[in-house]
Amino acid sequence: MFTPEITHAECRKCGTRVAGLDGRYACGVCGWTNDWSEGHRPLPRAEDDPDFPGPGVSPANPLAD
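Being a predicted model, the structure only gives us computed values, none of them experimental. Residue indices follow the written sequence of each chain, beginning from 1 at its first position. Given that the model is predicted, a residue must reach a pLDDT of at least 70 before its local features are reported, and side-chain atom pairs must reach 80 or more before they are shown or counted; all residues, however, enter totals for whole chains, interfaces and linings. Only hydrogens and water are set aside when side-chain values are computed; all heavy atoms of the structure are taken into account.

S.K.: How should unusual backbone geometry be read in this particular structure?
M.R.: Excluding glycine, a negative phi dihedral is what most residues carry, and trans is how most peptide bonds are arranged. Despite not being glycine, D22 shows a phi value in the positive range, around 55°. Counting through the fold element by element, D22 comes out in the segment after β2 (17-21). Throughout, exposure labels follow a simple rule: accessible area from a 1.4 Å probe, protein chains only, divided by the maximum for the residue type, with under 20% read as buried, over 50% as exposed, and the rest as partly exposed. Given the relative accessible area of 6%, D22 is considered buried. The way it works is that DSSP assigns letters per residue, a run of H or I at least four long becomes a helix, a run of E at least two long becomes a strand, and they are numbered from the N terminus.

S.K.: Is there a simple way to explain the environment of W32 in this structure?
M.R.: Counting through the fold element by element, W32 comes out in the segment after β2. Taking the C-alpha atoms as reference points, W32 and I6, separated by 26 residues in sequence, lie 18 Å from one another. Residue contacts are counted whenever heavy atoms from the two residues lie within 4.5 Å of one another. When neighbours within four sequence positions are excluded, W32 is seen to be in contact with C11, R12, K13, Y25, A26 and C27.

S.K.: Even after reading the chapter, I still don't get the nonpolar core, so can you show me in this structure?
M.R.: Taken as a class, soluble globular proteins show a tendency for nonpolar side chains to be buried jointly. Among the nonpolar cores identified, the biggest contains six residues, and these are A9, C11, V18, Y25, C27 and W32. Apart from the residues lying within four places of it in its own chain, the contact partners of C27 are C11, C14, T16, V18 and W32. Put simply, a nonpolar core is a bunch of buried Ala, Val, Leu, Ile, Met, Phe, Trp, Tyr and Cys residues held in one set by side-chain atoms that sit within 4.5 Å of each other.

S.K.: Just checking my understanding: could you explain the pairing of β2 for this structure?
M.R.: Within a regular strand, side chains alternate between the sheet's two faces. The side-chain alternation of β2 yields one buried face, formed by V18 and G20, and one unburied face, formed by R17, A19 and L21. Here strand β1 (residues 6-10) pairs with β2 via five bridges, running antiparallel. Bridge assignment links A9 to a residue of β2, and that residue is V18. A pair of strands is treated as paired once DSSP finds two or more bridges between them. Counting the residues in the hairpin turn of β1 and β2 gives six residues, including G15, whose phi is positive at 90°.

S.K.: Help me understand the pattern of salt bridges in this model?
M.R.: Oppositely charged side chains can pair when the atoms bearing their charge come close. We define a salt bridge as a side-chain nitrogen of Lys or Arg found within 4 Å of a carboxyl oxygen belonging to Asp or Glu. Taken as a whole and judged by the stated rule, the model has three salt bridges. Notably, a salt bridge pairs E38 with R12, separated by 2.5 Å at the nearest N-O pair. Taken together, the residues E38 in the segment after β2 and R12 in the loop between β1 and β2 connect sequence positions 26 residues apart. Two residues, D48 and R45, come together in a salt bridge whose shortest N-O distance is 3.1 Å. Given the relative accessible area of 51%, R45 is considered exposed.

S.K.: Sorry, what's going on with the environment of R24 here?
M.R.: By the element assignment, R24 lies in the segment after β2. Sequence separation between R24 and S37 is 13 residues, and the spatial gap between their C-alpha atoms is 8.5 Å. Those residues in contact with R24 that sit more than four places away from it in its chain are N34, W36, G39, R41, P42 and L43. A distance of 2.9 Å separates a polar atom in the side chain of R24 from the backbone oxygen of W36. We call two N or O atoms a polar contact when they sit within 3.5 Å, provided that within protein one can donate a hydrogen and the other can accept it, with sequence-adjacent residues counted only if both atoms are side-chain atoms.

As structure tokens, this is what we get:
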């Protein structure tokens, strides 16, 4: 298991300083996001999530109640 790294960059659209995890960013001012493939590490698989319900099982929606 790894701990994500908090990284910083300048928004490519409006220049605002943004923070993200492992090189993935979203600007709260203008809505720009960088592509997921620009991150510093591969994204984890669903199976790596401790709450993953298993193959073929839809996760429960806690807001559905």
